[in-house]
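Chain by chain, the residues:
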Amino acid sequence: MPLTIAPPTTAAAIASPNAVVVWDINAQTAIWDIAQQAPPQVAGRGFAMVSGAVYDAVNTIAGTPYKPYLVAPRANGHESTDAAVGTAAYRVLDAIFPAQRERLRKQYTTWLAGIPEGPAKRGGIRVGAQAAKAMITTRHNDGAFDPRLWTVGTKPGMYRPTPPGFENTGAWVGFLKPFAIPDATMFRTPGPPAVTSDKYTLDFDEVKRVGSATSTVRTADQTDAALWWHDRRSVSWGMKRDLALTQRLSVLETARFYALADFTGTDGAIACANDKEFWHFWRPVTAIRSADTDGNPATTAEPGWTPLVTTPPNPDYPSGHTCRTAAQMTAYAHFFGRDKVAFSAFSVDSGTRRHFGSFSQATAEVVGARIWAGIHFRSADVDGTTLGAAVGKHITKHYFQPRR
């Protein structure tokens with residue numbers, strides 16, 4: 001896998017005349033840079049709300065060539081798309097983050113100042129406001145931020161909080177109202193292998209060997225991939241922006257693409273978290289340190305074993321990152337009509353840019369990356385891609401389709 005050390009593309013994206021790209025970056029500032037919502041499970045809700053409202057606004061002004069998500073406000077096609085995009089995104093972000101109200105208002109005012117006064121501007125503001133209102137209303141009391149905890153157990157294979165923080169947070173994601181799939185439980189996986197099975201032993205030995213912070217068999221490229229995919233800013237945000245810019249998508253195409261990306265990623269995370277809670281399987285760090293209690297004579301405990309990266313505060317199976325990535329890459333292949341599309345993204349954490357020649361290549365790499373990071377068993381990664389692909393296929397079949 002070729003990689004390069006290069007600066008991120010944020011500056012180029014901001015300079016883009018594509019309003020959807022600009023306001024997606026503004027959303028990231030509010031959601032991650034300031035609010036520090038954990039990506040991508042928690043942050044996904046905000047991105048999906050913004051992109052869904054923006055899509056409905058842009059789609060309406062374009063004459064509603066695609067099926068609306070929630071609404072198709074009255075429009076004659078002469079409304080300012082830039083005003084609509086900015087208004088839809090701003091109103092949603094303002095509703096989610098009241099503590100950022102003053103900053104967001106200044107950002108929005110500056111954006112509107114660059115749009116000529118007149119009926120087109122007023123019309124765009126009206127359309128964007130109506131699209132945002134519909135989104136805010138439908139997401140009211142959707143289950144976000146409920147204080148639900150992950151199920152914890154003491155028997156072999158049962159999840160328990162992991163070092164160094166031993167946190168138990170975010171279980172509400174699995175019970176959040178989905179954006180596009182009918183039910184978070186509809187893609188249930190077969191479950192992790194029994195801790196006394198040969199399959200589990202193979203998974204155990206693999207992650208113990210290549211996922212350790214002090215591994216001597218993990219290659220430099222594997223280490224880079226592990227760090228790159230684990231970037232807490234979420235490299236998925238960079239990937240979708242790179243595709244929008246390099247594929248020269250129009251504002252309408254970008255709005256549809258972003259909505260598809262954020263809906264599949266977020267619903268993939270919701271279905272995955274629900275499945276995690278259902279199986280509540282332990283993480284590698286717990287399993288390896290406690291192997292002398294698992295009843296499997298083929299596994300050997302290593303009390304001081306530590307993964308390359310910090311283990312996220314949720315159960316192992318299935319892997320959230322592979323669920324979300326597979327969901328998005330499945331949707332991307334559908335959107336572009338082919339698997340082989342080149343794209344890349346920069347990670348601040350790894351300091352490198354990774355390049356992919358196809359969507360399936362990215363999905364395959366994230367499977368290995370989570371093992372190399374020491375935070376997932378292979379079964380969790382592989383079954384996560386199956387769940388994610390099913391989510392991606394369902395959403396692309398039922399949403400954002402041409403009206404004719």
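Basis of the calculations
- Residues numbered from 1 in each chain as written.
- Predicted model: local features only at pLDDT ≥ 70, side-chain atom pairs only at ≥ 80, totals over all residues.
- Heavy atoms only, no water.
- Helix = DSSP H or I, 4+ residues; strand = E, 2+ residues; numbered from the N terminus.
- Buried < 20%, exposed > 50% of the residue type's maximum accessible area, 1.4 Å probe, protein only.
- Lys, Arg positive; Asp, Glu negative; His and termini not counted.
- Salt bridge = Lys/Arg side-chain N within 4 Å of Asp/Glu carboxyl O.
- Pairing = 2+ DSSP bridges.
- Axes fitted to C-alpha atoms, helices over the stretch in contact; angles between N-to-C directions.
- Parallel < 35°, antiparallel > 145°, perpendicular 65-115°, else oblique.
- Left-handed = near helix turned anticlockwise from the far one by under 90°.
- Contact = heavy atoms within 4.5 Å.
- Core = buried A, V, L, I, M, F, W, Y, C linked by side-chain atoms within 4.5 Å.
- Phe/Tyr/Trp six-rings, centres within 6.5 Å; stacked < 30°, edge-to-face > 60°.
- Lys NZ or Arg CZ within 6 Å of the ring centre and 35° of its normal.

J.: Run through the side chain of D316, naming residues and quoting values.
T.: If you trace the backbone, D316 turns up in the loop between α11 (284-289) and α12 (320-336). Although D316 is buried, it makes no salt bridge; R283 carries the closest opposite charge, 4.7 Å away.

J.: Run through the pairing of strand β3 (residues 352-356), naming residues and quoting values.
T.: The buried count for β3 comes to four of five residues, which makes it a mostly enclosed element. Direction of pairing for strand β2 (residues 343-347) relative to β3: antiparallel, over a ladder of five bridges. Following the sheet pairing, A345 is matched in β3 by R354. Turn length for the β2-β3 hairpin, with the two strands adjacent in sequence and antiparallel, is four residues, and the turn residue G351 shows positive phi of about 75 degrees.

J.: Tell me about the pattern of salt bridges, and please be specific about residues and values.
T.: Evaluated as defined, the whole model comprises 16 salt bridges. Put simply, E102 and K106 hold a salt bridge, and the shortest N to O gap is 3.5 Å. Separated by four residues within a single helix, E102 and K106 lie in helix α5 (residues 101-113), roughly one turn from each other. Accessibility classification places E102 together with K106 in one group, the exposed group. R354 is the salt-bridge partner of D221, the closest N and O atoms lying 3.2 Å from each other. You can see D221 sitting in helix α8 (residues 220-229) and its partner R354 sitting in strand β3, a full 133 residues away along the chain. When its relative accessible area of 27% is taken as the criterion, D221 is described as partly exposed. On the basis of relative accessible area, R354 is assigned to the buried category, the value being 0%.

J.: Would you mind going over the packing of helix α3 (residues 41-61) against helix α6 (residues 119-138) in detail, with residue names and values included?
T.: In contact at an axis separation of 8 Å, α3 and α6 are set at 140 degrees when each is read in the N-to-C sense. Compared by their axis directions, α3 and α6 come out oblique. α3 and α6 meet at a crossing whose hand is right-handed. From α3, A48, M49, G52, A53, D56, A57, T60 and I61 reach across to α6, where they touch V127, G128, A131, A132, M135 and I136.

J.: Run through the nonpolar core, naming residues and quoting values.
T.: V54 and W229 are the most contacted members of the largest nonpolar core, which totals 104 residues. Among the elements that make up this core, the one with the highest residue count is α3 (11 residues). Not counting residues up to four positions away in its chain, the partners in contact with V54 are V20, V85, A88, A89 and A255. Ranked by size, the runner-up nonpolar core spans 10 residues in total, among them W150, W172, L176 and A184.

J.: I'd like to hear about the packing of aromatic side chains, residue by residue, with values.
T.: By the definition in use, this model includes 28 aromatic pairs. Through successive ring pairs, a cluster of aromatic residues spans W228, W229, F257, Y258, Y332, F335, F336, F343, F356 and F359. Lying across the ring of F278, R188 places its NZ or CZ 4.1 Å from the centre.

J.: Tell me about the environment of A30, residues and numbers included.
T.: One can find A30 in helix α2 (residues 19-34). A30 sits in the buried class, given a relative accessible area of 0%. Measuring from C-alpha to C-alpha, the distance between A30 and A43 comes to 10.0 Å, with 13 residues separating the pair along the chain. Residues contacting A30, with those up to four places away along its chain left out, are A35, L93, F97, Q100, R103 and L104.

J.: Could you give me a rundown of the packing of α12 against helix α14 (residues 378-398), with the residues and numbers involved?
T.: Here α12 crosses α14 at 40 degrees, and the two axes come no closer than 6 Å. With respect to α14, the axis of α12 lies oblique. Crossing geometry of α12 relative to α14 is assigned as right-handed. Counted together, T322, C323, A326, A327, T330, A331 and H334 of α12 and A380, D381, G384, T385, L387, G388, A389, V391, G392, K393 and T396 of α14 form the full contact between these two elements.

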